[in-house]
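# Results of the structural survey
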Amino acid sequence: MKKVRRCILLVCLLPVIVFPIRLPAQQAITGKTPSLKEVFKDDFVIGTALNRTQIEERDPLAAAFIPRQFSAFTPENDMKAVMIHPQWGTYNFSEADKIIAYSQKHHMRINGHTLIWHSQLPVFVRRMQDKDSLHRFFVEHISTIASRYKGKVYSWDVVNEALNEDGTMRNSIFREKLGEDYVVEAFKLAQQAAPGTMLYYNDYNIERPEKRAGAITLVKKIQAAGVRIDGIGIQGHWHIDQVPLKDIEQSILEFSSLGVKVMFTELDISVLPDPIGSNGADISQNTAYNAALNPYVNGLPDSLQSKLAGSYEDLFRLFLKYKNKISRITFWGVNDGNSWLNNWPVRGRTNYPLLFDRHFNPKPAFYKVIATKTRNTDRTASH
Ligand code: XIL
């Protein structure tokens, strides 16, 4: 008798267990939810960061969801020096090759990330003492990777994060051993190895006036040397209380007046307390976990959910206003569960920085973003 009752209970509960979790995600995949890449197709390319699990399509739900929403991606880690060039002269192309195959299968553009960056460097480079060895690494690394993936990646973040907050050059191992002109040389080498590939400078906080001025100086220096630079990537790791709209607008204007495209390359908006107070993205800054730093383990309060939606709405309104100057908007992750902000600058938190929740359901922010387009179109139509 008990068994029968348990069976009946299970049968009754089955739809309740299965549907709330699966239905919205399936809707997002099968077409009831708008697709970001479609909605903004006349404005800018919409990208995401992809990790190894996603590239290998291990989760069927994610595998169906990603190409429906995004038309471009940036490999989150697998093209960084530590992954692709782990030992002197030894490259590990297996993951990067899978990245290329994935992009061809789904007709998605790859932004290669990144050729020269002071973080996530292999140990053998970090230990290099002399200028000549570092220079050899520098030349070989850029030339080998850029030429191998020529015609396969659409663009490269040639140099990532070369600037300090005050706009001066960061004293990375590259600047210390090769001098400030290493940035110009990196672009020159990339251009030689991959003539048809778009070449970008990428950094966080470069919308801020001082750092922005440093970025402008850098771009002008590259251009003055007769070397090609096609775009500037503003990473866009922002915080819910401080999305700097005015600075962003000014940066779009100033950067585009240099004759380069502007992109938002790693967009996310953290809703959690910011213990390092930098509102940047220096991956070496870490703080120990404590529960007060992780207040929304069981869900995001409605008030914050709408605030987040409002921030994304403001941002996309601005992006649309300057759509002729902006070529791509890339989110740094597919859904909240994938975001690096669950582990930086504090490990093990529950953050909500993206447009889709942990089950791929669109959040209020998603619908606000979509509505910017509808309303924008309406406004255009009524004029
Ligand atoms: C992050 C990745 O998301 C993490 O998985 C990794 O542990 C550290 O790097 N700026 C960048 C990105 O240019 O490469 C960083 O990505 C985030 C900050």
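Owing to the predicted nature of the structure, the values given are computational and were not obtained by experimental measurement.

As a further point, take the side chain of Q54. On the secondary structure map, Q54 appears in helix α3 (residues 52–55). Judged by relative accessible area, which is 7%, Q54 ranks as buried. Leaving out residues up to four positions away in the same chain, Q54 has contacts with A49, I66, Y102, V334 and N338.

Averaged over every residue, the pLDDT of the protein is 92; residues scoring 70 or more account for 89%. Scored below 50 in pLDDT, residues 7–23 makes three contacts in the model with residues more than four places away or belonging to other chains. Every residue in residues 377–383 is under pLDDT 50, and counting partners more than four places away or in other chains gives zero contacts.

A word on the packing of aromatic side chains. This model, assessed by the stated rule, comprises 23 aromatic pairs. Taking the centre distance of 5.1 Å and the plane angle of 45° together, the rings of F356 and F366 count as tilted. Within this pair, whereas F356 is found in the loop between β9 (326–331) and α14 (364–382), its partner F366 is found in helix α14, the two being separated by ten residues in sequence. The residues F356 and F366 share a single accessibility class, namely buried. Consider the rings of F366 and Y367, whose centres lie 5.2 Å apart with planes at 90°: the pair is edge-to-face. Judged by its relative accessible area of 43%, Y367 falls in the partly exposed class. Above the ring of Y204, the side-chain terminus of K211 is found at 3.8 Å from the ring centroid. Between R358 and the ring centre of Y352, over which it is positioned, the NZ or CZ distance is 5.1 Å.

Attention now moves to the nonpolar core. Generally speaking, nonpolar side chains in soluble globular proteins are found buried as a group. Ranked by size, the top nonpolar core spans 104 residues in total, and within it L36, Y312 and F316 carry the most contacts. Examining the composition of this core, we find that nine residues originate from one element, helix α13 (residues 302–321), more than from any other. Of the residues that make up this core, three or more belong to each of domain 1 (23–70 + 236–278 + 291–383) and domain 2 (83–207 + 221–231). When neighbours within four sequence positions are excluded, F316 is seen to be in contact with F40, F44, I46, L267, I329, F331, V369 and T372. Membership of the second largest hydrophobic core comes to seven residues, among which are A281, W332, W340 and W344.

Quick look at helix α10 (residues 182–193) now. Residues three or four positions apart in an α-helix share a direction because the helix packs 3.6 residues into each turn. With twelve residues, α10 should cover 16 Å at 1.5 Å per step; its first-to-last C-alpha distance of 16 Å lies within 8% of that length. Listed as buried for α10 are Y182, V183, V184, A186, F187, L189, A190 and A193. Buried residues along α10 sit in contact with β3 (109–117), α8 (131–148), β4 (155–160), α9 (173–178), β5 (198–203) and α11 (209–224).

Another aspect to go through is the site of the ligand. Around the ligand, the structure places 15 residues, and the nearest of them are E76, N77, K80, H113 and E266. In this structure, an oxygen atom belonging to the ligand sits 3.0 Å away from a side-chain N or O atom of W332. Protein coverage of the free-state accessible area of the ligand, which is 420 Å², stands at 84%. Taken together, the residues that form the shell around the ligand break down as five nonpolar, six polar and four charged. Counting the residues that make up the shell around the ligand, at least three belong to each of domain 1 (23–70 + 236–278 + 291–383) and domain 2 (83–207 + 221–231).

Mapping W88 onto the fold places it in the loop between α5 (81–84) and α6 (94–106). With 35 residues separating them along the chain, W88 and V123 place their C-alpha atoms 9.6 Å apart.

Let's shift gears to the pattern of salt bridges. Evaluation of the coordinates by the stated rule reveals 23 salt bridges. Of the charged contacts in the structure, one is a salt bridge between K211 and E165, with a shortest N-O distance of 2.7 Å. Placement of K211 in helix α11 and of E165 in the loop between β4 and α9 is noted, with a sequence separation of 46 residues between them. Judged by relative accessible area, E165 falls into the partly exposed class, the value being 36%. Its salt-bridge partner being E176, residue K177 comes within 3.4 Å of it at the nearest N-O pair. A residue is classified by how much of its surface remains accessible, and E176, at 52% relative accessible area, is exposed.

Before going further, it helps to spend a moment on the packing of α8 against α10. The axes of two packed helices give the description: the angle between them and the distance between them. Two elements in contact, α8 and α10, have axes separated by 8 Å at closest approach and are oriented at 35°. The interaxial crossing formed by α8 with α10 has right-handed handedness. In this structure, α8 uses H135, F138, V139, I142, S143, A146 and S147 to contact α10, whose residues at the interface are Y182, E185, A186, L189, A190 and A193.

Going residue by residue along strand β2 (residues 72–75), you find A72 and T74 tucked away on one face and F73 and P75 tucked away on the opposite face as well. Two elements, strand β1 (residues 45–50) and β2, share four bridges in a ladder whose sense is parallel. Across the sheet, residue T48 finds its bridge partner in β2, namely F73.

Rules and cut-offs
Residues numbered from 1 in each chain as written. Predicted model: local features only at pLDDT ≥ 70, side-chain atom pairs only at ≥ 80, totals over all residues. Heavy atoms only, no water. Helix = DSSP H or I, 4+ residues; strand = E, 2+ residues; numbered from the N terminus. Buried < 20%, exposed > 50% of the residue type's maximum accessible area, 1.4 Å probe, protein only. Contact = heavy atoms within 4.5 Å. pLDDT = per-residue confidence, 0-100. Phe/Tyr/Trp six-rings, centres within 6.5 Å; stacked < 30°, edge-to-face > 60°. Lys NZ or Arg CZ within 6 Å of the ring centre and 35° of its normal. Core = buried A, V, L, I, M, F, W, Y, C linked by side-chain atoms within 4.5 Å. Domains from an automatic or database assignment. Expected span 1.5 Å × (residues − 1). Near = heavy atom within 4 Å. Polar contact = N/O pair within 3.5 Å; in protein donor to acceptor, adjacent residues only side chain to side chain. Areas by Shrake-Rupley, 256 points an atom, 1.4 Å probe, with all protein chains shown as cover. Nonpolar A, V, L, I, M, F, W, Y, C, P; charged D, E, K, R; others polar. Salt bridge = Lys/Arg side-chain N within 4 Å of Asp/Glu carboxyl O. Axes fitted to C-alpha atoms, helices over the stretch in contact; angles between N-to-C directions. Left-handed = near helix turned anticlockwise from the far one by under 90°. Pairing = 2+ DSSP bridges.

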